[in-house]
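Listed here are the chains, written in short residue letters.
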Amino acid sequence: MSGLRYVYAVCRPFGTPLSAQLTGVAGVPPKQLTHHGLVAVVGHVPEEDFAERPLRAHLEDLDWLGATARAHQNVIDALTVVTSPLPLRLATVFLDDSGVRTMMEQREDAFLRTLDRLDGRVEWGVKVYAESPEASESTESPKASEGTESAENPDSRPAPSPAKPVSGRDYLRQRRGQHRAHEEKWEQAEEFSRRLHETLSGYAEESRIHAPQNAALSHAPGRNVLNAAYLVPRSESEAFVELVDRTKDDSPGLRVELTGPWAAYSFSGEDS
C-alpha cells in the first residue's frame with residue numbers, strides 16, 4: 001500500500017487483537033510492524049497531507065489538527081486497553097516501513113527500558129480549580145434577593161433611600177479587603193493542592209506537575225491551581241480513584257477533576 005507511515009506508539013508484542021472497526025488518522029486501520037522484541041503501531045497516510053511541507057501548513061489549521069489528534073488518541077486508547085504502549089508524539093511520520101524499523105533499531109535499548117518501567121501501569125490526571133470569591137458571592141446573592149421580593153407586596157415596600165457616597169478612604173479600604181480575600185482564597189487553594197499532591201504522590205509510583213492550564217484555551221471555569229499526572233499500577237487504579245474521590249468535598253470553592261486511565265504520556269520521555 002502506498003503512502004507514508006504514521007507511527008502511533010511502540011510497545012511489546014501483545015496477544016489481544018485490536019478491534020476490527022478501529023480506524024486511525026486518515027481513516028485507516030492501524031497495523032503492527034514487528035522488529036526484534038518491539039512492535040510499532042503504524043498507519044498509512046497520504047503524502048499530500050503528511051509530507052513535510054503540507055504537514056507544516058496543516059499544523060496551523062486548528063480544525064485539521066484537532067481531528068488528527070482525536071484519531072491519534074483513539075488508537076492510543078485502544079492500545080492502552082490491551083497493553084502498556086509508549087506513545088510517540090503527534091504526526092510522527094516516516095517514508096516507509098524500512099524507515100520505521102531503522103528508528104526502532106536505533107532506539108531499541110531506550111524503548112525497552114521505558115517499556116519495562118511502564119509495564120502494567122497507567123497514567124491518571126488530577127486537576128484542582130479554584131473559583132474566584134466574586135463567583136462564590138454571585139451564586140448566593142440571587143437566591144437571597146428572590147426570597148425577599150417574593151415574600152413582600154411590591155406596593156408596600158418603602159422607596160429606596162439614596163445611596164451614600166463612598167469616600168476615597170472607604171473605597172481604598174474596600175479594595176484592600178477584596179485583595180486580602182483574593183490572597184487568602186488562593187493561599188487556601190494552593191495549600192489544599194500541595195497536601196493533595198503529597199498524598200497522591202505517596203500512593204503513585206511516579207508523579208509529574210505540569211504548568212497550569214490556560215483558561216482561555218481549556219474553557220474550564222475557575223483558576224487551575226494544580227495540574228498533575230500520576231503513574232499508577234493498573235491493579236491499584238481503583239484504590240487511587242477512591243482516594244481522589246474522598247478529597248473532592250474537603251474544601252469548599254475548590255473543584256477536583258480526575259481523568260484517565262491514559263497511556264503514560266507524562267512518563268514516557270516522548271513529546272506527546
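Note that the structure is a prediction, hence the values are computed from the model and not measured. (Residues numbered from 1 in each chain as written. Predicted model: local features only at pLDDT ≥ 70, side-chain atom pairs only at ≥ 80, totals over all residues. Heavy atoms only, no water.)

Here we look at the pattern of salt bridges
So, step 1. A complete count under the given rule lists 11 salt bridges for this structure.
So, step 2. Between E257 and R255 there is a salt bridge, with the nearest N and O atoms lying 3.1 Å from each other.
So, step 3. Residue R255 is classed as partly exposed on the basis of its relative accessible area of 30%.
So, step 4. Look at the salt bridges and you will find they share partners, linking E191, R194, R195 and E198 into a network. (Salt bridge = Lys/Arg side-chain N within 4 Å of Asp/Glu carboxyl O. Buried < 20%, exposed > 50% of the residue type's maximum accessible area, 1.4 Å probe, protein only.)

Points about the side chain of K127
So, step 1. Position of K127 relative to the elements: it lies in strand β6 (residues 121–130).
So, step 2. Setting aside anything within four residues of it in sequence, one finds K127 in contact with Q213, N224, L226, N227, R255, V256 and E257. (Helix = DSSP H or I, 4+ residues; strand = E, 2+ residues; numbered from the N terminus. Contact = heavy atoms within 4.5 Å.)

As for the environment of Q213
So, step 1. Here Q213 is to be found in the loop between β7 (206–209) and α8 (215–218).
So, step 2. Note: C-alpha distance between Q213 and N227 (14 residues apart in sequence) is 7.2 Å.
So, step 3. Ignoring sequence-local partners within four residues, the contact set of Q213 consists of K127, Y129, S218, N224 and N227.
So, step 4. Side-chain polar atoms of Q213 contact the side chain of Y129, separated by 3.0 Å. (Polar contact = N/O pair within 3.5 Å; in protein donor to acceptor, adjacent residues only side chain to side chain.)

Thoughts on helix α4 (residues 97–106)
So, step 1. Of all the residues in α4, the buried ones are D97, V100, M103 and M104. Looking down the long axis of α4, one finds its buried residues gathered within 120 degrees of arc, a one-sided arrangement.
So, step 2. The secondary structure elements touched by the buried residues of α4 are β1 (4–11), β2 (31–35), β3 (38–45), β5 (93–94) and α5 (108–118). (Arc of directions from axis to C-beta.)

Quick look at the sheet that holds strand β8 (residues 223–233)
So, step 1. Reading across from one edge, β7-β8-β6-β9 is the order of the four strands in this open sheet, with antiparallel pairing throughout. Edge strands, defined here as strands with exactly one partner in the open sheet, are β7 and β9 (254–262). Here the average twist between neighbouring strands, direction ignored, is 20 degrees.
So, step 2. Direction of pairing for β7 relative to β8: antiparallel, over a ladder of four bridges. Of the residues in β8, the one forming a bridge with S207 is Y230. (Pairing = 2+ DSSP bridges. Axes fitted to C-alpha atoms, helices over the stretch in contact; angles between N-to-C directions.)

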